[in-house]
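The lines below spell out each chain.
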Amino acid sequence: MKNRSLRQLADAFVVVVALAGLASGSLAEEPRDPWQWPFASASIWNTSIGSEAVIAPAGLAAAPRAGIDEELLFRVSTSVPKQKLFAPKSWDARSGGTTQVGEVRIDDGVVVPDARKGFTPNACAALLMPDGKSLQHIGVLCRPEAGGPVFGYPFNPHSDLFGDGIRGSHAATGASVVASPMKPTVEAPPKAANAWSPAEGFYPAYPEAWRDLHKNNIERANAGGIDVLFLGDSLTQGWDKEL
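Figured I'd write up the structure that's included with this text. As the structure is a prediction and not an experimental result, all values here were calculated from the model.

Turning our attention to the overall build of the protein chain. The helix and strand tally for the protein chain stands at 3 helices and 7 strands. Expressed as a percentage of its 243 residues, the buried residues of the protein chain come to 24%. Contacts spanning at least 24 positions in sequence make up 56% of the contacts within the protein chain whose residues lie at least 6 apart.

Residues other than glycine predominantly adopt negative phi, and peptide bonds predominantly adopt the trans conformation. Positive phi is not limited to glycine here, since Phe39 has a value of about 75°. Tracing the sequence through the fold places Phe39 in the loop between helix H1 (2-27) and strand E1 (71-75). The buried category is assigned to Phe39, whose relative accessible area is 2%. Even without a glycine there, the phi angle at Ala123 is positive, about 45°.

Along the chain, Ser176 turns up in the loop between strand E7 (159-160) and helix H2 (179-182). The buried category is assigned to Ser176, whose relative accessible area is 3%. Within polar-contact distance, the side chain of Ser176 engages the backbone nitrogen of Val178 at 3.0 Å. Look past the residues within four positions of Ser176 in its chain and what remains in contact with it is Phe39, Gly165, Ile166, Arg167, Gly168 and His170.

Glancing now at the nonpolar core. Within the largest apolar cluster, 16 residues are counted, with the highest numbers of intra-cluster contacts made by Leu72, Phe74, Leu127, Ile138 and Leu141. Listed by contribution, the elements that provide at least two residues to this core are E1, strand E4 (124-128) and strand E5 (134-142). In contact with Phe74, other than residues within four places in its own chain, are Trp35, Val110, Val112, Ala126, Leu127, Leu128 and Leu141. Judged by nonpolar contacts, the second largest core, of 10 residues, contains Cys124, Leu128, Leu135 and Ala179.

So, how was this worked out
- Residues numbered from 1 in each chain as written.
- Predicted model: local features only at pLDDT ≥ 70, side-chain atom pairs only at ≥ 80, totals over all residues.
- Heavy atoms only, no water.
- Helix = DSSP H or I, 4+ residues; strand = E, 2+ residues; numbered from the N terminus.
- Buried < 20%, exposed > 50% of the residue type's maximum accessible area, 1.4 Å probe, protein only.
- Contact = heavy atoms within 4.5 Å.
- Polar contact = N/O pair within 3.5 Å; in protein donor to acceptor, adjacent residues only side chain to side chain.
- Core = buried A, V, L, I, M, F, W, Y, C linked by side-chain atoms within 4.5 Å.

In structure tokens form, the structure reads like this:
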């Protein structure tokens, strides 16, 4: 009788432990999608700078204007074969190059416009391979026609979506294009109360860029000598020169 009671107690303990394991599993967080939140937990992109961090001015002069790199992110389908990658013909006209610089896997439907006058983007690209973790980095990517030849420069060895996230296809820095657009780290500034009130700019490091630009435009208008003053988005920033 005593042995049977001990056996029943042991069986009950096993059942309780099993149920506890099921409960803890159901409460565990869902694994993050590495394509939406990439790289290892120890990566610089996933490591907090800490509450004691202090932001100090770098002493850099304000830039007259700012621009951004186009970041192109593609998932490659399983059945897509490798094809030749050609160096761009020139910076201003990329298609038509004939020097092979490597191979690339990219879906036939992907179209990346060629450069043109006033439009010469870095076109930094990252292609996620069908295995779900390998990344191929291509800079100055160009493919004007669906299914046509692909032009660009291979940047850095292939990297891993679960790696450190350091290297990529940003031309000047060689930094990754995958990290920055995926996991937002800074909330967008509040919208203006109305259409005629200036609002803070988008860039976190220069939050009052729009206000400064607005102030400069007001000063220029008050100074006179202007027939037409163009205002608009980043595409019209270069229109502040005398024509």
